[in-house]
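Read off the chains here:
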Amino acid sequence: AQSVTQPDIHITVSEGASLELRCNYSYGATPYLFWYVQSPGQGLQLLLKYFSGDTLVQGIKGFEAEFKRSQSSFNLRKPSVHWSDAAEYFCAAIMYKLIFGTGTRLQVFP
Amino acid sequence: KAGVTQTPRYLIKTRGQQVTLSCSPISGHRSVSWYQQTPGQGLQFLFEYFSETQRNKGNFPGRFSGRQFSNSRSEMNVSTLELGDSALYLCASSQTGDYSGYTFGSGTRLTVV
């Protein structure tokens, strides 16, 4: 079945620490992949997207993601987290329609 | 340019009533998709419209319907509201709906009492 999996429901990091949010997909081909961020009560903001080409994708707010075909993964990274990064992060893929993972809530401690 | 606009921002309705939500996409975007977000089910795809035609539909009962107008604005209607319909309803628009990425609105928070 087509699906997007985010294995971490909740992650807590200290401000200034590095961050990696995991995302795996299940699909017969390579889908278009996205990472979105959602602040409480708000809509979704696109951080970055991967369609093809370079497997390391740069996004807004200092985020990057790496596509690994062999692992069916598209993990989101940031070298140094800021308190304002606290939010919920969603990985998504277009598999005939946009399918979302269940989200990872990021908490940042000062 | 203006983003995706959803109205109203908040809505309180009574069980059994019906509700209509509106979404105005980014100018030039022809695809509009609707999503329901709840704490228990996450983001669930409702339907997608492209050039006034429903192109894709999620697994929701027939009480959920939508349409798209010639100016690409879209409405979503829910009839016979149930308590479980309480959710954040998000609209997203894209130029073509496949590879170009989606831009989301801030959503309409529907509370059914």
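Described in the following lines is the structure provided in the data block. (Residues numbered from 1 in each chain as written. Chains lettered and ligands numbered in written order. Predicted model: local features only at pLDDT ≥ 70, side-chain atom pairs only at ≥ 80, totals over all residues. Heavy atoms only, no water.)

1. Re the overall build of chain B
When you go through chain B residue by residue, the secondary structure sums to zero helices and 11 strands. Beginning at the N terminus, the succession of helices and strands in chain B can be written as β-β-β-β-β-β-β-β-β-β-β. Against the compact-globule benchmark of 13 Å for 113 residues, chain B has a radius of gyration of 13 Å, which places it among compact chains. In terms of overall dimensions, chain B has C-alpha extents of about 35 × 25 × 25 Å along its principal axes. (Helix = DSSP H or I, 4+ residues; strand = E, 2+ residues; numbered from the N terminus. Rg over C-alpha atoms; globule rule 2.2 N^0.38 Å.)

2. Things to note about the pattern of salt bridges
Residues and elements named next belong to chain A. Per the stated rule, a full pass over the model turns up 10 salt bridges over all chains. Among the salt bridges present, the one from Arg77 reaches Glu66, with a minimum N-O distance of 3.0 Å. Of this pair, Arg77 sits in strand β9 (residues 73-78) while Glu66 sits in strand β8 (residues 64-68), placing them 11 residues apart in sequence. Its relative accessible area of 23% is what places Glu66 among the partly exposed residues. (Salt bridge = Lys/Arg side-chain N within 4 Å of Asp/Glu carboxyl O. Buried < 20%, exposed > 50% of the residue type's maximum accessible area, 1.4 Å probe, protein only.)

3. Quick look at the interface of chain A and chain B
The interface is formed by 16 residues belonging to chain A together with 16 residues belonging to chain B. Buried area between chain A and chain B, summed over both chains or domains, comes out near 1,400 Å², and the portion from carbon and sulfur atoms is 57%. The largest contributions to the chain A side of the interface with chain B come from Leu44, Lys97 and Leu98 of chain A, which together make up 31% of the buried area. Between the two partners, chain A and chain B, sit zero salt bridges. Inspection of the chain A/chain B interface yields three residue pairs in polar contact (both at pLDDT 80 or more). For the side of chain A that touches chain B, the secondary structure elements donating two or more residues are β5 (32-38), β6 (44-50), β10 (87-94) and β11 (98-100) of chain A. Counting residues per element, the side of chain A that touches chain B draws most heavily on β5 of chain A, which supplies four residues. The residue inventory of the side of chain A that touches chain B, partitioned by class, reads 10 nonpolar, four polar and two charged. (Contact = heavy atoms within 4.5 Å. Buried area = accessible area lost by both parts, 1.4 Å probe. Polar contact = N/O pair within 3.5 Å; in protein donor to acceptor, adjacent residues only side chain to side chain. Nonpolar A, V, L, I, M, F, W, Y, C, P; charged D, E, K, R; others polar.)

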